[in-house]
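Okay, here's what each chain looks like letter by letter:
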Amino acid sequence: MTDNSSVARVPGIDPQEMQEWIESFDAVLREEGQEAATLLLDRLRARAQLLGAGPAFTANTPYVNTIPAERQGVFPGDQEIERRIKSLIRWNALAMVVRANRVDHSIGGHISTYASAATLFEVGFNHFFRGRTQEFEGDTVYLQGHASPGVYARAFLEGRLSAKKLENFRRELRPDGGLSSYPHPWLMPDFWEYPTVSMGLSPLMAIYQARFNRYLEDRGIKPKTNAKVWAFLGDGETDEPESLGAITLASRENLDNLIFVINCNLQRLDGPVRGNGKIVQELEAAFRGAGWNVIKALWGSDWDPLFERDVDGLLVKRLGEMVDGEMQKLVVESGAYLRQHVFGTDPRLLKMVKDIPDEALRTLRQGGHDPRKVYAAYKAAVEHTGSPTVILARTIKGYGLGESGEGRNITHQQKKLNEEELREFRSRFGIPINDDQLADTPFYRPPEDSREIQYLRARRQELGGYVPSRKVRSKPLVADHDALFREFLTGSDGREVSTTMAFVGMLRQMLRDPEIGKLVVPIVPDEARTFGMESLFRQVGIYSSRGQLYEPVDVHTLLYYKEAKDGQILEEGITEAGSMTSFIAAGSAYATHGINTIPFFIYYSMFGLQRISDFIWAAADMRCRGFLLGGTAGRTTLAGEGLQHQDGNSHILALPIPTLWAYDPAFAYEIAVIIQDGIRRMYKDGENIFYYITVMNEAYAMPPMPPGPEIRDGILKGMYKYRASQNKKSKLRAQIFGSGAILREALCFSMPRRCAGRSHCRHGLPEGAAQSRQQMGAAPSGRSRDRRVWTERRPRGAAQLLRGGRALHHAGHAL
Ligand SMILES: Cc1ncc(C[n+]2csc(CCOP(=O)(O)OP(=O)(O)O)c2C)c(N)n1
Ligand SMILES: [Mg+2]
């Protein structure tokens, strides 16, 4: 029973009546349960709407924990020992950065991100993140990159990293090796799986990874599991457009295998994320609006008794109206300040905290620093079905750094602590290091048989091994796939086709192959028709987790838009960034899942390296494999389209990426040689490289591959002699180079007399094509060859779609 006097007055409502409403609701909740109470509210809301008195729209819930104390359940771990382990990790993470910066003050590193994320990480490591074992594929965890010192410090306690490695943080080239600044699978291939430090990439990668996991399951390529994809993000990071850019895809696809944890310390690098607003509420509205399950973990257990006393919601209201700038101030101020500024606005609030001393008020914990609240949120997230979950956890940036950084605007760049500050930190977290050792700031690892180490190891063993940990588990392919590409080496018999069409022909062949057919993952951002790929819709289907719930408008045509639950094409819609993260998921599946999926991502070349290069770098860092195809490349004949088809720079942008093999072919046989060799290098020999191949829309006759063993080699190296000069008399010698779109111009120049009109120029055409073909052992022309490799053999009626490069050419103009 509530005391009538404590009910806040609502203007125009009799307090007695208000009291009765609250009591009735409490009774329904108590006796009928939460579901009934929610239904009652829904019903009332609907009724109010009907009578024209509907409540104003709000996508927010009050500024309190989503999971009330009475429903949070029991924390299953040993809280005291976990706190000690966490303290040791905090110390070693801090020591790593402080020591490195003593040697060289330009080394950098971060202390305060991990300081705020420690509990969020530790509850995951001790209770949730499952390692990859023979029996279970394991969870995928994207860890906030700037918190890497904490991950290294944990691995040190786990016995996975030596003190020497920690010593050489950010100095990987030291004699005994070191540790990369951030999660970097290229530099630490046995440790890191996912590069996360370029902010905004990992949320998008996580969404498409979770969707790709479902794709593999729906296509029967991997067994269905309850593995989760976790992504730990900063609240400032959510300002990156990529961070929230695909959240509706995650809910649309019901990705309940996906969990975001957003570390809401209210600060970014320079200052508050939303000084004049509330980032938690803003994110809640965005995610709820997008259909996510939102769990707020804002307040620690110390706050529970206060909320219990807050029957009329005064405290909740007060916390809801304070902007983040004020909230941040509370962290650095005294308990008296907090009493005055939070509770001093209403005598009834002051009454609530009258028995709590200032010091206890000051140290009231945030939800993200309370393992019980974090555990409850994670448990609810992993048990939730039907939609992805985001956990918004309130923390303090630089937690534990006291005067030297806690909650302060400078904290992000804090890398040095003086002896006094180190002493305070040491004492606060109970690290067994003497005062006289502080100047040296040594790492500390308790003995192997200590309770801490035993506990930590036991927890990881129970959860299937260490995380993060990268292991390549796929088996190499065996076939050489000669037969798939042979037809493309022999030219098109004078038929005019584009290199795009040639590539699509190869893709079609590969999709039919018994070894690699099911492993091929075609990815398109709404350009399949432009590239003449629509016949693949029918051949292998477009992936849709729901199958096809409607009769497509073109169902009566042969090439109808076929969506299927086991469809193979990832038709991503207009998102090159999203498509690229699908590429990353598929291109790294050889390590993540032990499955050699081979992605072919084809897009307008102008919207690739120029637009989403950071993702392409991330793919390189992740040791991704696969093929990027830059379509309509090279200053095409689609000039009327403006700059979207005037790519002359993507190869320049490809150049600096060390593992990206970029080619600008002009002839089908070149593409065939490159792709076949690429599959061998990546999936048979296990090289961690990927390919960028530009393909064009211009149609011309494809010559056969010139004879000679050096040609194949030359193509792969990037240069070979296509033709010698026919002018034998000239004293002067010229070497004319060309590739891709300019190659046919180069061929004109190589003629004794330059041709007058390029559009009708035939100099690019091979001479003695039949002869070359015979020399190569291919079927001579005249004998009927199977033309399906160039364009799909189709029944009459679809002829206009068959016209290879030309059809493509016209389609391009129509866009
Ligand atoms: C794309 C990108 N831009 C800028 C940075 C530089 N940077 C590193 S950390 C940081 C602030 C991070 O703030 P937040 O996301 O809130 O994480 P916190 O450290 O507060 O947990 C910035 C701007 C970056 N790493 N990536
Ligand atoms: Mg932050």
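Residues numbered from 1 in each chain as written. Chains lettered and ligands numbered in written order. Predicted model: local features only at pLDDT ≥ 70, side-chain atom pairs only at ≥ 80, totals over all residues. Heavy atoms only, no water.

(A) Up close: helix H19 (residues 451-462). With 12 residues, H19 extends 16 Å between its outermost C-alpha atoms, agreeing within 8% with the 16 Å of an ideal straight helix rising 1.5 Å per residue. Among all positions in H19, only Glu 452, Ile 453, Tyr 455, Leu 456, Arg 459 and Arg 460 are buried. Buried residues along H19 cover an arc of 165° about the axis, so they all sit on one side. Structural note: H19 exposes Arg 451, Gln 461 and Glu 462 on the side pointing more than 90 degrees away from its buried face. Close packing links the buried residues of H19 with helix H3 (79-103), helix H4 (112-127) and helix H5 (148-157). (Helix = DSSP H or I, 4+ residues; strand = E, 2+ residues; numbered from the N terminus. Expected span 1.5 Å × (residues − 1). Buried < 20%, exposed > 50% of the residue type's maximum accessible area, 1.4 Å probe, protein only. Arc of directions from axis to C-beta. Contact = heavy atoms within 4.5 Å.)

(B) Spotlight on the packing of H4 against H5. Put simply, H4 and H5 touch, their axes get as near as 9 Å, and they point 45° apart. When the axes of H4 and H5 are compared, the pair comes out oblique. The handedness of the crossing between H4 and H5 is right-handed. Contacts between H4 and H5 involve Tyr 114, Phe 121, Glu 122, Phe 125 and Asn 126 on the former and, on the latter, Gly 150, Val 151 and Arg 154. Of the residues contributing to the contact of H4 with H5, the split by class is four nonpolar, two polar and two charged. (Axes fitted to C-alpha atoms, helices over the stretch in contact; angles between N-to-C directions. Parallel < 35°, antiparallel > 145°, perpendicular 65-115°, else oblique. Left-handed = near helix turned anticlockwise from the far one by under 90°. Nonpolar A, V, L, I, M, F, W, Y, C, P; charged D, E, K, R; others polar.)

(C) Structural detail: the site of ligand 1. Taken together, 18 residues sit near ligand 1, with Thr 113, Gln 144, Asp 235, Gly 236 and Lys 397 positioned nearest. Here an oxygen atom of ligand 1 and a side-chain polar atom of Thr 113 are 2.6 Å apart. One of the backbone N or O atoms of Gln 267 is found 2.9 Å from an oxygen atom in ligand 1. Protein contacts shield 77% of the accessible area of ligand 1, which totals 590 Å² for the unbound molecule. In terms of residue class, the shell around ligand 1 is made up of three nonpolar, 10 polar and five charged. (Near = heavy atom within 4 Å. Polar contact = N/O pair within 3.5 Å; in protein donor to acceptor, adjacent residues only side chain to side chain. Areas by Shrake-Rupley, 256 points an atom, 1.4 Å probe, with all protein chains shown as cover.)

(D) Here's a closer look at the coordination of the magnesium ion (ligand 2). Distances from the magnesium ion (ligand 2) to its protein donors, Asp 235 (OD), Asn 265 (OD1) and Gln 267 (O), fall within 2.0 to 2.2 Å. Here the donor residues for the magnesium ion (ligand 2) map to a single chain with the spacing D-x29-N-x1-Q. Relative accessible area serves as the criterion here: at 7%, Asn 265 is assigned to the buried category. (Donors = N, O, S within 2.8 Å, 3.2 Å for Na, K, Ca; no water.)

(E) Summary view of unusual backbone geometry. Following Val 467, the chain continues to Pro 468 via a peptide bond in cis, the omega torsion being -5°. Of note, Pro 468 is situated in the loop between H19 and helix H20 (482-486). The phi dihedral of Asp 526 falls on the positive side, at around 60°, and the residue is not glycine. Mapping Asp 526 onto the fold places it in the loop between strand E7 (520-524) and helix H22 (534-540).

(F) Main features of the sheet that holds strand E10 (residues 570-571). Ordered in space as E10-E7-E11-E12-E14-E13, the six strands form an open sheet in which the pairing is parallel. In the strand order of this sheet, the two ends are held by E10 and strand E13 (660-663), each with one partner. As defined by bridge partners, strand E12 (residues 627-631) adjoins strand E14 (residues 690-694) across four bridges and the pair is classed as parallel. Bridge pairing in E14 places Gly 630 opposite Thr 694. (Pairing = 2+ DSSP bridges.)

(G) Inspection of the nonpolar core at higher detail. Within the largest apolar cluster, 147 residues are counted, with the highest numbers of intra-cluster contacts made by Met 510 and Ile 675. Contacts of Ile 675, omitting those with residues within four sequence positions, involve Phe 485, Phe 503, Met 506, Met 510, Phe 600, Phe 627 and Ile 693. Tyr 152, Leu 179, Leu 417 and Ile 431 belong to the second largest nonpolar core, which has 68 residues in total. (Core = buried A, V, L, I, M, F, W, Y, C linked by side-chain atoms within 4.5 Å.)

(H) Molecular detail of the pattern of salt bridges. On inspection of all chains with the given rule, the structure shows 45 salt bridges. Among the salt bridges present, the one from Arg 451 reaches Asp 78, with a minimum N-O distance of 2.9 Å. Of this pair, Arg 451 sits in helix H19 while Asp 78 is found in the loop between helix H2 (34-50) and H3, placing the two residues 373 residues apart along the sequence. Asp 78 sits in the partly exposed class, given a relative accessible area of 27%. A salt bridge links Arg 339 to Asp 358, with the nearest nitrogen and oxygen atoms 2.8 Å apart. Within this pair, whereas Arg 339 is found in helix H14 (residues 335-343), its partner Asp 358 is found in helix H16 (residues 358-362), the two being separated by 19 residues in sequence. By relative accessible area, Arg 339 is classed as buried at 19%. Bridged by salt links that share partners, the residues Glu 419, Glu 420, Arg 423, Arg 426 and Asp 435 form one connected network. (Salt bridge = Lys/Arg side-chain N within 4 Å of Asp/Glu carboxyl O.)

(I) Region of interest: the confidence of the model for the chain. For the chain, per-residue confidence averages 89 on the pLDDT scale, and residues scoring 70 or more make up 91% of the total. Across residues 756-760, where pLDDT falls below 50, the model places four contacts with residues more than four positions away in sequence or in other chains. pLDDT under 50 marks residues 764-788. Its contacts with residues more than four places away, or in other chains, come to 40 contacts. (pLDDT = per-residue confidence, 0-100.)

(J) Structural context of the sheet that holds strand E3 (residues 258-264). The sheet built from five strands is open, its strands ordered E1-E2-E3-E5-E4 with parallel pairing. The sheet is open, and its two borders are formed by strand E1 (140-142) and strand E4 (293-297), each paired with just one other strand. Taking the axes of each pair of neighbouring strands and ignoring which way they run, one obtains an average angle of 15° across the sheet. Strands E1, strand E2 (229-234) and E3 of the sheet are contacted by helix H7 (residues 201-218), whose axis makes an angle of about 170° with E2.

(K) Structural detail: the packing of aromatic side chains. On inspection of all chains with the given rule, the structure shows 42 aromatic pairs. Pairing Tyr 142 with Tyr 194 gives two aromatic rings, centres 4.5 Å apart and planes at 35°, and the pair type is tilted. Of the two residues, Tyr 142 sits in strand E1 while Tyr 194 sits in the loop between helix H6 (163-167) and H7, which places them 52 residues apart along the sequence. For Tyr 142, a relative accessible area of 1% corresponds to the buried category. On the basis of relative accessibility, which here comes to 3%, the residue Tyr 194 falls in the buried class. On the basis of an interplanar angle of 75° and a centroid distance of 5.3 Å, the ring pair of Phe 537 and Tyr 561 is categorised as edge-to-face. Note that Phe 537 is positioned in helix H22 and Tyr 561 in the loop between strand E8 (542-543) and strand E9 (563-564), a separation of 24 residues in sequence. Take Phe 537: its relative accessible area is 2%, and that puts it in the buried class. Under the relative-accessibility criterion, Tyr 561 is labelled partly exposed at 25%. Taken together, Phe 75, Tyr 114, Phe 121, Phe 125, Phe 128, Phe 129, Trp 230, Phe 232, Tyr 375 and Tyr 378 form an aromatic cluster joined through their ring pairs. (Phe/Tyr/Trp six-rings, centres within 6.5 Å; stacked < 30°, edge-to-face > 60°.)

(L) Inspection of the packing of H7 against helix H25 (residues 609-621) at higher detail. Remark: H7 packs on H25, axes separated minimally by 11 Å, with the N-to-C direction vectors making an angle of 70°. In terms of axis orientation, H7 runs roughly perpendicular to H25. As for the relative orientation of H7 and H25, their crossing is right-handed in sense. The segment H7 lies against H25, with Leu 201, Leu 204 and Met 205 engaging Asp 614, Phe 615 and Ala 618. Along the lines of polarity and charge, the residues of the contact of H7 with H25 split into five nonpolar, no polar and one charged.

(M) Just a nonpolar patch on the surface, in detail. A cluster of nonpolar side chains, namely Trp 21, Leu 40, Leu 41 and Leu 44, defines an oily patch on the protein surface of about 370 Å² accessible area. With three residues, the single largest contributor to the nonpolar patch is H2. Note that Leu 41 resides in helix H2. (Patch = residues over 30% accessible without salt bridge, like charges linked within 9 Å, V, L, I, M, F, W, Y side chains within 5 Å.)

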